[in-house]
Amino acid sequence: MLYVIYCKDDPSTPAKRDEFYDAHRVYLKSAPIKIVIAGPYTSLESDRKIGSMLVVEAESLQQAIDFQKNDPFALNGVWNSVSVNPYHKSIDQR
């Protein structure tokens, strides 16, 4: 099943994203679940990254939650809010 993981950065610590970026990328490359699409999103005013969005394929909601909780961004306080929800793809024009 697909799940969307939507994460908002802690606005009081913007430097943490850069500090833990390499560890985050290593974690994603060695993911125990399939990452369908992932990347940061930016503020409306600039290209400043303010969060992350991932669509993952996992066996269960708990597996997707556990994956998110073990991400270096989660472990080191880059994200201050996270939601993980089932995702039902209806259109894919790639």
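Look above for the structure.
Let us look at the structure shown here. Numbers given for residues are sequential positions, taken from 1 along each chain in its written order. Given that this is a predicted model, residues contribute local features only at a pLDDT of at least 70 and side-chain atom pairs are listed and counted only at 80 or more, while totals for whole chains, interfaces and linings are drawn from all residues. Hydrogen atoms and water are omitted, and side-chain values are computed over all heavy atoms in the structure.

### Observations concerning the overall build of the chain
(1) Moving on: For the chain, the helix and strand inventory stands at four helices and four strands.
(2) Moving on: Counting helices and strands in the order they occur from the N terminus, the chain gives β-α-α-β-β-α-α-β.
(3) Moving on: Here the globule rule reads 2.2 Å times residues to the power 0.38, and the radius of gyration is calculated from C-alpha atoms. Here the C-alpha atoms of the chain give a radius of gyration of 13 Å, agreeing with the 12 Å that 2.2 N^0.38 yields for 94 residues.
(4) Moving on: Taken along the three principal axes of its C-alpha coordinates, the chain extends 35 × 25 × 20 Å.
(5) Moving on: In this scheme, a residue with accessible area under 20% of its type's maximum is buried, one over 50% is exposed, and one in between is partly exposed, where area comes from a 1.4 Å probe on protein chains only. For the chain, buried positions account for 32% of its 94 residues.
(6) Moving on: For the chain, restricting intrachain contacts to residue pairs at least 6 apart in sequence, the fraction spanning at least 24 positions comes to 70%.
(7) Moving on: Using a 1.4 Å probe, the Shrake-Rupley method yields the accessible areas, and only the shown protein chains count as cover for residues. Summing over all exposed atoms, the chain offers an accessible surface of approximately 6,200 Å²; the carbon and sulfur share of this is 52%. Helix and strand definitions here come from DSSP, where helices need a minimum of 4 consecutive H or I residues and strands a minimum of 2 consecutive E residues; each element is numbered from the N-terminal end. Whether two residues are in contact is decided by their heavy atoms: any pair within 4.5 Å suffices.

### Observations concerning the pairing of strand S2 (residues 34–42)
(1) Moving on: Bridge count between S2 and strand S3 (residues 49–57): eight bridges; the pairing is antiparallel. Each bridged residue has a counterpart across the sheet, and for Lys34 the counterpart in S3 is Glu57.
(2) Moving on: Pairing between strands is defined by DSSP: at least two bridges between them are needed. Hairpin connection between S2 and S3: a loop of six residues separates the two successive antiparallel strands.

### Let's talk about the pattern of salt bridges
(1) Moving on: For this document, the term salt bridge refers to a Lys or Arg side-chain nitrogen within 4 Å of an Asp or Glu carboxyl oxygen. Scanning all chains against the criterion turns up three salt bridges.
(2) Moving on: Ionic pairing is found between Asp92 and Lys89, a salt bridge with its closest N-O pair at 3.4 Å.
(3) Moving on: Taking relative accessible area as the criterion, Asp92 reaches 37% and is therefore assigned partly exposed.
(4) Moving on: Here Arg94 makes a salt bridge to Asp92, at a shortest N to O gap of 2.6 Å.

### As for helix H2 (residues 21–29)
(1) Moving on: Among all positions in H2, only His24, Tyr27 and Leu28 are buried. In an axial view of H2, the angular spread of the buried residues amounts to 95°, which keeps them on one side of the axis. For H2, the exposed residues set more than 90 degrees away from the buried face come down to Asp22, Val26 and Lys29.
(2) Moving on: Lining the buried residues of H2 we find S2, S3, helix H3 (61–69), helix H4 (72–75) and strand S4 (79–87). An arc is given here, and it is the one of the directions from the helix axis to the C-beta atoms.

### Observations concerning the packing of aromatic side chains
(1) Moving on: In this scheme Phe, Tyr and Trp rings, the latter by its six-membered ring, pair at centre separations within 6.5 Å, and the angle between planes marks the pair as stacked below 30 degrees, edge-to-face above 60, and tilted otherwise. Summed over all chains, the structure comprises three aromatic pairs.
(2) Moving on: Judged by centre distance (5.1 Å) and plane angle (5°), the ring pair of Tyr6 and Tyr41 falls under stacked. Highlighted residues: Tyr6 in strand S1 (residues 2–9) and Tyr41 in strand S2, separated in sequence by 35 residues.
(3) Moving on: Relative to Phe67, the ring of Tyr27 lies with its centre 5.2 Å away and its plane at 20°, an arrangement referred to as stacked. One end of the pair, Tyr27, is in helix H2; the other, Phe67, is in helix H3, with 40 residues separating them in the sequence.
(4) Moving on: Under the relative-accessibility criterion, Phe67 is labelled buried at 3%.

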